[in-house]
Amino acid sequence: MLRMRRGPGPYFPRPGTAFSSSSSRSSSRSAMWGRRRGRRGGRSAEELRVRRREREAALRKARRQEQLVSKRLLREDSAAEEGAQHGADVVPDPLSEDEVLEVLRGVQRGSEDRKRSLGRLRWALQNEETQQKFVRLDGSIRTLTGLFTSSLADLQLEAARCLHELSHSSVPAVAEACLPVTSYLLTYLSGHSLELTELCLYTLGNLVVESEAVRKQLLPQGIIPVLASCIQSPHEAVLEGVGYVLSQLLQAKEAPTEIIPLVLDSALPQHMLQLVCSGLKAGMGAAVEFAWCLHYIICRHKDNVQLLALGAVPALTSLLLDLASQIPQDAPEGLELLACPVLRCLGNLLAHAGCQRPDARLLVALFLVLQCFLQQHPFLVQECLWLLNNLTADDPFFCSALLSLDLLPALLQLLTCSQMGTVLVLTVLCNMAEKGQFQCQRLLQQPLLAQLLPLLTLPDPEAVGQCLELLHLLFLHCPEAAADFTRQGGHRALEQHQSTPELQERAQALLDMVRQPPGAPSACQATLAASF
């Protein structure tokens, strides 16, 4: 068996084959990662940040099954002043072109009411139709850029909020209208205002989602070195923002050739790995963001020698061991959201030739994770089984460890957990059976044949094909299993697939074997082997 590499999104392997990496992007999903409006004086900044992280956790959960390109909106803190006037989560009606022009002129006047005009503009820009009218006005972006670079901190912050509203637009032309401000957004990432830095990060992250032109401008402007500096910040909010920008960049279609090489040549990988592995003790949100960043690099980059040299496999293995040791008693909230990308990273790294063998305790950790999350978070079963396949594909050590640690009964219990879970469990069992007679005999000590019979009646040809593959290996190494299979009525289940085009040849070869009388010449085994 070959090892399988996990792509950015869902992947369903062919029967009897290895997972192969997919560099194609799955369907992008646009989602708002929005802050809820607060009333004046109703919540502290920390309370607002906690609420935002709760919503971010929900969106990270949505990302567990597919690659996610998202946009996020920071409104809580700034909206608190206006919540009483406009109401929470109210989207303003579109302004007419004359009204938009009037608001812009109010912003352009050097009066004491300029901040109030900027606040009105920011409120109006929450409407996408108004956004498009605004960017079409001559001098609109130039005016915002001038205020954004102002020495007056309150005007600068309000202008940044206006630019942030524009960045959230789903219209590429709006994002591209913000091209003149990208260099300033990068410059202010090294400023002293935490709120401004956070706004600049999420504005940049939003802009790179929609527009390749923005990404192509940011790369020569030095966005990767700037992010490599920001990732050393002691502030968790900044770290989460850096992770957000990086995750959007790494999902771009040009990432494998233009972005990932720059990231690997920077100090980012070692810092990302460190932050992921400290997630259980430090910031869980930043750890989840950077775990997905590592996943996007690993699954879209053919050669991960640099990450392997940084000790990614032992580091991530140690993290999973720590994670397993904390469940279920002391598990921090959102633990499953960190486990998902970490499992994918490890699985893909193990698919590389020459990857060092991980700690054998990883097997026990995997089954602890499976046991803990099976009911509440069944999506993690697939992730664990994916990694388990890559552990057992070419390594007799882990196949033997599954038996010596008495983990086989727990594995067999997952045979019917889900459609994809069935295929993956059968794939792992095939990895074990392929190792020879001793492994097959140990498998047959369990009620395996009885558990395989119902699987042959499934409507899923993927699962049935993998089941036939397993039977082939069992009969090849333990011919007496064919007689046991017949006594349990297995031949009737095989006969049902004689008319199924993709299965009929293998089903017929197995039927020829089970119909052979005991002690008959085993020429049929050669026919059987040629059919698989």
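Here the structure is a predicted model, which is why all the values come from computation and not from measurement. Every chain begins its residue count from 1, and numbering advances along the sequence as written. Only residues with pLDDT of at least 70 are given local features in this predicted model, and only at 80 or more are side-chain atom pairs given and counted; all residues enter the totals for whole chains, interfaces and linings. To get the side-chain values, all heavy atoms of the structure are used, and hydrogens and water are removed first.

(A) Layout of the packing of helix α8 (residues 153-167) against helix α11 (residues 194-210). Orientation is described by lines fitted to C-alpha atoms, with helices fitted over the stretch in contact, and by angles between N-to-C directions that extend from 0 to 180 degrees. Helical segments are the DSSP runs of H or I of at least four residues, strand segments are the runs of E of at least two, and each set is numbered from the N terminus. Where α8 meets α11, the closest approach of the two axes is 9 Å, and the angle between their N-to-C directions is 20 degrees. Here α8 lies roughly parallel to α11, going by the angle between them. With respect to the hand of their crossing, α8 and α11 are arranged in left-handed fashion. Contacts between α8 and α11 involve Gln156, Leu157, Ala160, Arg161, Leu163, His164 and Ser167 on the former and, on the latter, Glu195, Leu196, Leu199, Tyr202, Thr203, Asn206 and Leu207. Of the residues belonging to the contact of α8 with α11, the class tally is seven nonpolar, five polar and two charged. When an angle is under 35 degrees it counts as roughly parallel; over 145 it counts as roughly antiparallel; between 65 and 115 it counts as roughly perpendicular; any other value is oblique. Two helices crossing with the near one rotated counterclockwise from the far one by less than a right angle form a left-handed crossing, whereas a clockwise rotation gives a right-handed crossing. It only takes one pair of heavy atoms within 4.5 Å for two residues to be counted as in contact. Gly is placed with the polar residues, together with every amino acid not listed as nonpolar (Ala, Val, Leu, Ile, Met, Phe, Trp, Tyr, Cys and Pro) or charged (Asp, Glu, Lys and Arg).

(B) Representation of helix α15 (residues 255-264) within the structure. Accessible area is worked out with a 1.4 Å probe on protein chains only. A residue is then buried under 20% of its type maximum, exposed over 50%, and partly exposed in between. Among the residues of α15, Ala255, Ile259, Ile260, Val263 and Leu264 are the ones counted as buried. Seen end-on, α15 carries its buried residues on one side only, within an arc spanning 130 degrees. Among the structural elements, α12 (212-221), α13 (223-230), α14 (236-250), α16 (268-277), α17 (284-300) and α18 (305-309) are those in contact with the buried residues of α15. Arc definition: it is the arc formed by the directions from the helix axis to the C-beta atoms.

(C) Looking closely at the packing of aromatic side chains. Each Phe, Tyr or Trp ring, with Trp reduced to its six-membered ring, pairs with another whose centre is within 6.5 Å; inter-plane angles below 30 degrees give stacked pairs, above 60 give edge-to-face pairs, and intermediate values give tilted ones. The tally for this structure, following the rule as stated, stands at five aromatic pairs. The interplanar angle of 80 degrees and the centroid separation of 5.2 Å between the aromatic rings of Phe397 and Phe398 together place this pair among those described as edge-to-face. The exposure class assigned to Phe397 is partly exposed, which follows from its relative accessible area of 34%.

(D) Structural detail: the confidence of the model for the protein chain. Values of pLDDT, the confidence the predictor places in each residue, fall between 0 and 100. Put simply, the protein chain has an average pLDDT of 82, and 79% of its residues get 70 or more. Of all helices and strands in the protein chain, the one with the weakest mean pLDDT is strand β1 (residues 32-34) (22), whereas α13 scores best (97). Predicted confidence for residues 59-67 stays below pLDDT 50, and this span has 44 contacts to residues more than four positions away or in other chains. Scored below 50 in pLDDT, residues 521-529 makes twelve contacts in the model with residues more than four places away or belonging to other chains.

(E) View of the pattern of salt bridges. Throughout this description, the term salt bridge denotes a Lys or Arg side-chain nitrogen within 4 Å of a carboxyl oxygen of Asp or Glu. The full count for this structure, using the stated rule, is twelve salt bridges. For Lys133, the salt bridge goes to Glu129, with nearest N and O atoms at 3.3 Å. Here Lys133 pairs with Glu129, and both are found in helix α6 (residues 128-136), just four residues apart, close to one helical turn. By relative accessible area, Glu129 is classed as partly exposed at 42%. Note that Arg161 is salt-bridged to Glu195, the shortest N-O span being 2.7 Å. Placement of the pair is Arg161 in helix α8 and Glu195 in helix α11, with a sequence separation of 34 residues. Owing to a relative accessible area of 12%, Arg161 belongs among the buried residues under this scheme. Linked by salt bridges that have partners in common, Arg122, Glu158, Arg161 and Glu195 make up one network.

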